Amino acid sequence: EWLEYHLGFARLVDELGLGLHNKFSGQIQAGGVSLTTMFGAVRGVIASEEPKAVLIVHSQSVSRFDLRLSPEGQSSFYRDSSGQYTEWEFPYGMTPEARAALVTQRYMLETGTTPEQLASVAVSHRKWAELNPIARFRQPLTIEEVLGSPMVAEPLHTLECSSLSDAAWGFVLTGAEQASSMGRKPAYLLGEGL
């Protein structure tokens, strides 16, 4: 399955008919920070002025894979959703959610953020999702519902954790000068970070 996954990306340039014009291609797998990592890499490529524009695409079809662990502690998809090898991470409870929980605990300690304030982030995201007719989760959400959902990794509840979904997107990144001459109002990338 992983070989098929990698070959799919390797064929993309040819499938789009860009084989003779392609100056740069790469694949970045960084879990939830893949886009930010891509921005950093592509900004460097654009700054070199060769190529002048880069097509950035992402797709995931997680519904195809069984991400649950077997009784032997192995997954049929030998990495978890963030790309970590399950044999080294899962048996010890270090899931992507557990890593996020450690960072969140520290943030709460240093800033005095309350569980209610943390839950308000999920509520706010849901309010935005209600405006999107194709959003996966559109029903209203309250702070009480977030805090009442099962605990995944303290202090994170189920409704504060990402739900893996099938998704895809793509866009072109280019320099500011070229973007301004393309006929549409560009969106400028001011920076990226983790």
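The structure displayed is predicted, hence computed values, not measured ones.

K.L.:
Describe in detail helix α2 (residues 34-47), supporting the description with residues and values.
P.N.:
With 14 residues, α2 extends 20 Å between its outermost C-alpha atoms, agreeing within 8% with the 20 Å of an ideal straight helix rising 1.5 Å per residue. Where α2 is concerned, the buried positions are Ser34, Met38, Phe39, Val42, Val45 and Ile46. Each buried residue of α2 lies within a common arc of 130 degrees when the element is viewed along its axis, so the set occupies one face. Taken together, the buried residues of α2 touch β1 (53-60) and β4 (167-174).

K.L.:
How would you summarise the side chain of serine 149 if you had to cite specific residues and measurements?
P.N.:
Mapping serine 149 onto the fold places it in the loop between α6 (143-148) and β2 (151-153). In this structure serine 149 touches His157, Thr158 and Leu159, once residues within four positions along its chain are discounted.

K.L.:
Tell me about unusual backbone geometry, and name the residues and values.
P.N.:
The peptide bond linking glutamate 154 to proline 155 adopts the cis configuration, its omega dihedral lying at 15 degrees. Here proline 155 shows up in the loop between β2 and β3 (156-157).

K.L.:
Explain the nonpolar core residue by residue, including any values.
P.N.:
Counting residues in each nonpolar core, the largest one holds eight residues, listed as Met38, Phe39, Val42, Val45, Ile46, Val54, Ile56 and Leu173. For this core, the elements supplying multiple residues, two or more each, are α2 and β1. If near-sequence neighbours (up to four positions away) are discounted, isoleucine 56 is found in contact with Met38, Val42, Trp169, Gly170, Phe171 and Leu173. In this structure, Ala101, Met108, Leu118 and Leu156 belong to the second largest nonpolar core, which totals six residues.

K.L.:
Can you break down the packing of aromatic side chains residue by residue, with the values?
P.N.:
Counted according to the given criterion, the structure contains one aromatic pair. Between phenylalanine 39 and phenylalanine 171, the aromatic rings sit 5.6 Å apart at their centres with planes inclined by 45 degrees, giving tilted as the arrangement. With phenylalanine 39 in helix α2 and phenylalanine 171 in strand β4, this pair connects stretches of sequence that are 132 residues apart. For phenylalanine 171, a relative accessible area of 28% translates into the label partly exposed.

K.L.:
I'd love a proper account of helix α5 (residues 115-130), names of residues and values included.
P.N.:
Look at α5: 23 Å from first C-alpha to last across 16 residues, which is about the 22 Å you get at 1.5 Å a residue. Looking only at α5, the buried set comprises Leu118, Ala119, Ala122, Val123, Arg126 and Ala129. Across the axial projection of α5, the buried residues extend over an arc of 150 degrees, all falling on one side. For α5, the exposed residues lying more than 90 degrees away from the buried face are Lys127 and Trp128. Residues of α5 that are buried make contact with α4 (96-111), α6 and β3.

So, how was this worked out
- Residues numbered from 1 in each chain as written.
- Predicted model: local features only at pLDDT ≥ 70, side-chain atom pairs only at ≥ 80, totals over all residues.
- Heavy atoms only, no water.
- Helix = DSSP H or I, 4+ residues; strand = E, 2+ residues; numbered from the N terminus.
- Expected span 1.5 Å × (residues − 1).
- Buried < 20%, exposed > 50% of the residue type's maximum accessible area, 1.4 Å probe, protein only.
- Arc of directions from axis to C-beta.
- Contact = heavy atoms within 4.5 Å.
- Core = buried A, V, L, I, M, F, W, Y, C linked by side-chain atoms within 4.5 Å.
- Phe/Tyr/Trp six-rings, centres within 6.5 Å; stacked < 30°, edge-to-face > 60°.

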